[in-house]
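Here's the letter readout for the chains.
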Amino acid sequence: MDRIYAPWRSEYFGSCIEGCVFCHIANNPQDDEKNRVIYRDDFVFGVMNLYPYTPGHFMLLPLSHCDSPEKLPLEVWLHLHTLSHKAMSVLYEYGAQGVNMGINIKKAGGAGIPEHLHIHFVPRYVGDTNFITSIADTRTYGMDFDSIYQKIKALSKKHLNPAGQA
C-alpha cells in the first residue's frame, strides 16, 4: 500500500492522555466541545469519530469503562440501544442514504480501541466508494470536519435527547 502523510493526526499519535481515551472524554464534560462530543446523559455519550470512514461518522459509548456488552448493566445496554435506534434519524436527516452500524468487541473482534465498548454509526451514500478508494486504498473528504460536527451535534440534540430537553 502507498503511504499518504496526514500530519493533522500527529496530535493523536503524540497524545499525552494516559489510560483509555474514551474514559478521558467521558470524565471531562467541560471539554465536550474540544472532544467533539455530540451527546451526553447519565449513562452514555456520543462523540464524532476523529478519523471517519465517511463524513458524519460518530460513535455512542457507555460512560463506564467496559470492553464487552455482557459486562454492562442491562439498563445501560438497553439505553445504549434505544439511542442507537434514534441515531438513524440523526444520520438520515443529515443526508445519509444508508447507514453502517456496528460494534467490534475486543481486539480479536477488530476493535481499534478494544478496552472501551463503542458503537459506530457510519453514514453511507450511493457512490461513496469511488475509484481512489478502489485503486489507491485512500479516502478523500470534501467537507470541513468542524461544520459536520456542528450539524451532527444539532441533529443529536433534536433526535437523541428525551422529549422536552434541549
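Computed from a prediction, not measured in an experiment: that's the story for all the values here.

> Got a sec to walk through helix 4 (residues 74-94)? Specific residues and values, please.
Helix length check: helix 4 (21 residues) gives 30 Å between terminal C-alpha atoms against 30 Å at 1.5 Å per residue, within 8%. Along helix 4, the sharpest change in direction is near 25° and occurs at K86. Every buried residue of helix 4 is listed here: V76, L80, L83, S84, A87, M88, V90, L91 and Y94. G95 lies just past helix 4 and shows a positive phi near 125°.

> Tell me about the pairing of strand 2 (residues 44-48), and please be specific about residues and values.
The buried fraction of strand 2 amounts to five of the five residues, a majority that puts the element mostly inside the structure. Relative to strand 3 (residues 58-62), strand 2 runs antiparallel, the two sharing five bridges. In the sheet register, V44 faces strand 3, and the bridge partner there is P62.

> Before we move on, could you go through the packing of aromatic side chains and cite the residues and values that matter?
All told, the structure shown has one aromatic pair when counted by the stated rule. For the ring pair F58 and F121, a centre distance of 5.2 Å and an interplane angle of 20° mean the geometry is stacked. Of this pair, F58 sits in strand 3 while F121 is found in strand 5 (residues 119-124), placing the two residues 63 residues apart along the sequence. For the pair F58 and F121, a shared accessibility class is recorded, and that class is buried. Directly above the aromatic system of Y149 lies the positively charged group of R36, at a separation of 5.4 Å from the ring centroid.

> Could you give an account of unusual backbone geometry, with specific residues and numbers?
Phi angles above zero are rare outside glycine, and R36 is one such case at about 65°. In this structure, R36 sits in the loop between helix 3 (32-35) and strand 1 (37-40). Unusually for a residue other than glycine, K106 sits at a positive phi of about 65°. Mapped onto the secondary structure, K106 falls in the loop between strand 4 (98-103) and strand 5. K106 gets classed as partly exposed once you look at its relative accessible area, which sits at 35%.

Rules used in this analysis
Residues numbered from 1 in each chain as written. Predicted model: local features only at pLDDT ≥ 70, side-chain atom pairs only at ≥ 80, totals over all residues. Heavy atoms only, no water. Helix = DSSP H or I, 4+ residues; strand = E, 2+ residues; numbered from the N terminus. Expected span 1.5 Å × (residues − 1). Bend = angle between axes of the 7 residues up to and from the residue. Buried < 20%, exposed > 50% of the residue type's maximum accessible area, 1.4 Å probe, protein only. Pairing = 2+ DSSP bridges. Phe/Tyr/Trp six-rings, centres within 6.5 Å; stacked < 30°, edge-to-face > 60°. Lys NZ or Arg CZ within 6 Å of the ring centre and 35° of its normal.

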